[in-house]
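# Summary of structural features
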Amino acid sequence: MKMNFRFVIVFCCSLACVFSLFSCKPKKNTESFNAMNTFMTIQAYGSKSEEALSTVKNRVEQLENELSTTMIGSDIHTLNDANGNTVSIHDDTAFLFNFTHGMYKATDGALNPALYPVISAWGFTTGDYRIPAESEIEELLLKTDFSKAQLIQNGDTQNLKVEPGMKLDFGAVGKGYAGDEIVRILRQYDVKYALLDLGGNVQTLGTKPDGSLWTVGIKNPWGGDAVCSIKIADKAIVTSGGYERFFTGEDGKKYIHIFDSKTGHPCESDLLSVSIVCEEGLYADALSTSLFVMGKDKSIEWWGENGGFDFILITKESELYYSSGLTDSIQVLYPFNAVYEVKL
């Protein structure tokens, strides 16, 4: 029987290509768990992704054990119980202290980890909501000058000291820092593609496995479908807003969980939500809170003076403002009253 060797060769080469494509498709693994008061889901692609995710989960649990305000034995719980005495802390706590200390100054107190006693007085740490007397708020505010907290190096030991009555909470930056740590670990295991959903914080490593960009939706503060979407790679997107955690007082007024460190009251921003897009989850986490407290005009001014990130601001007047760095990646999906591109 006469065979067409050219056909056989082409057919075999085609099969080889198909098998090569399947063998090169990165292995996907997913890990979901509760940590830092949120439900986290991580999708990672790579031959070592399962091992990487196990390491990731252990690392996040370690961070929670160090940074939690409620876990007995954590650095922060121990510090808050020390009534001004010096406490030995881990490297992660020291790193976050230095970072937030700098952001406290840079944002003129818009980011303030020392507001924990004030927030507690309003009931946001326990769920027993109330409106404190103004005299109580004023007294508590005297203990919230974060610039007075000190990190003391004693040989290889790092110690933290705050004034008596001052208590710290790194909740505004903890998930952002965890996101950066997760990405660092995934890279160590040669994971090139990953999607992190850390409950309001989304972070990506690389593109999707097929080379396309990840599409992330921005939550609708009025409820319903996403108001816009952004295409990203190797970026973090963090959103802050007062539309999920709040209570309605006896006066009929809504009080949100984000606080103004100057007044000791829940923030009365003209914004409904702030989304920050940048390379580091920690910076995005810190800025989303800070800019929300600042309000629209001051946020845009701060961005113009500092840069290094992009933003999406949604106002109470149903307006959307976005920085010019997002022009090619943003898609508006909601009928806003107005949409503005902000340029330097």
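This write-up is about the structure you can find in this document. All figures in this text were calculated on a predicted structure; none of them were measured in a lab.

### A closer look at the packing of helix α8 (residues 281–294) against helix α9 (residues 296–306)
Direction vectors running N to C along α8 and α9 enclose 135 degrees, while the axes themselves pass 7 Å from each other. Compared by their axis directions, α8 and α9 come out oblique. Where α8 approaches α9, its residues Tyr 283, Leu 287, Leu 291 and Met 294 are matched on the opposing element by Lys 296, Lys 298, Ser 299 and Trp 302. Here the residues of the contact of α8 with α9 sort into five nonpolar, one polar and two charged.

### Description of the packing of aromatic side chains
Here the structure, examined in full by the defined rule, presents 17 aromatic pairs. Considering the side-chain rings of Tyr 283 and Phe 309, the 6.2 Å spacing of their centres and the 85 degrees angle between planes classify their relative orientation as edge-to-face. Placement of the pair is Tyr 283 in helix α8 and Phe 309 in the loop between α9 and β16 (310–315), with a sequence separation of 26 residues. The class for Tyr 283 is buried, based on a relative accessible area of 18%. Judged by its relative accessible area of 5%, Phe 309 falls in the buried class. Among the aromatic residues, ring-to-ring pairing joins Trp 122, Phe 124, Tyr 129, Phe 247, Tyr 255 and Phe 259 into one connected group. Over the face of the ring belonging to Phe 246 we find Lys 254, whose NZ or CZ atom lies 4.4 Å from the ring centre.

### Quick notes on the pattern of salt bridges
For the structure on display, the rule yields 11 salt bridges. A salt bridge links Asp 92 to Arg 59, with the shortest nitrogen-to-oxygen separation between them at 2.7 Å. Remark: Arg 59 occurs in helix α2 (residues 49–67) and Asp 92 occurs in helix α4 (residues 91–106); sequence separation between them is 33 residues. The pair formed by Asp 92 and Arg 59 is uniform in burial state, with each residue classed as buried.

### A word on the sheet that holds strand β8 (residues 214–218)
Taken in spatial order, the three strands line up as β8-β9-β18 in an open sheet, and their pairing is antiparallel. Looking along the sheet, the strands with just one partner apiece sit at the ends: β8 and β18 (330–332). Mean inter-strand twist for the sheet, computed between neighbouring axes without regard to direction, equals 20 degrees. One ladder, built from three bridges, connects strand β9 (residues 228–232) with β18; its direction is antiparallel. What sits directly across from Cys 228, in β18, is Val 332.

### Describing the environment of Asp 81
In this fold, Asp 81 is placed in helix α3 (residues 75–81). On the basis of relative accessible area, Asp 81 is assigned to the exposed category, the value being 56%. When the C-alpha positions of Asp 81 and Met 166 are compared, they lie 9.7 Å apart, and in sequence the two are 85 residues distant.

### Focus: the nonpolar core
In terms of nonpolar packing, the biggest core is built from 70 residues, with Leu 168, Leu 186, Ile 276 and Phe 309 touching the most fellow members. It is α8 that provides the largest number of residues to this core, a total of nine residues. Setting aside its immediate chain neighbours within four residues, Phe 309 contacts Ile 276, Val 277, Cys 278, Tyr 283, Leu 287, Leu 291, Trp 302 and Trp 303. Of all hydrophobic cores here, the second largest spans 19 residues; its members include Tyr 45, Ile 237, Ile 314 and Tyr 322.

Scoring rules and cut-offs
- Residues numbered from 1 in each chain as written.
- Predicted model: local features only at pLDDT ≥ 70, side-chain atom pairs only at ≥ 80, totals over all residues.
- Heavy atoms only, no water.
- Axes fitted to C-alpha atoms, helices over the stretch in contact; angles between N-to-C directions.
- Helix = DSSP H or I, 4+ residues; strand = E, 2+ residues; numbered from the N terminus.
- Parallel < 35°, antiparallel > 145°, perpendicular 65-115°, else oblique.
- Contact = heavy atoms within 4.5 Å.
- Nonpolar A, V, L, I, M, F, W, Y, C, P; charged D, E, K, R; others polar.
- Phe/Tyr/Trp six-rings, centres within 6.5 Å; stacked < 30°, edge-to-face > 60°.
- Buried < 20%, exposed > 50% of the residue type's maximum accessible area, 1.4 Å probe, protein only.
- Lys NZ or Arg CZ within 6 Å of the ring centre and 35° of its normal.
- Salt bridge = Lys/Arg side-chain N within 4 Å of Asp/Glu carboxyl O.
- Pairing = 2+ DSSP bridges.
- Core = buried A, V, L, I, M, F, W, Y, C linked by side-chain atoms within 4.5 Å.

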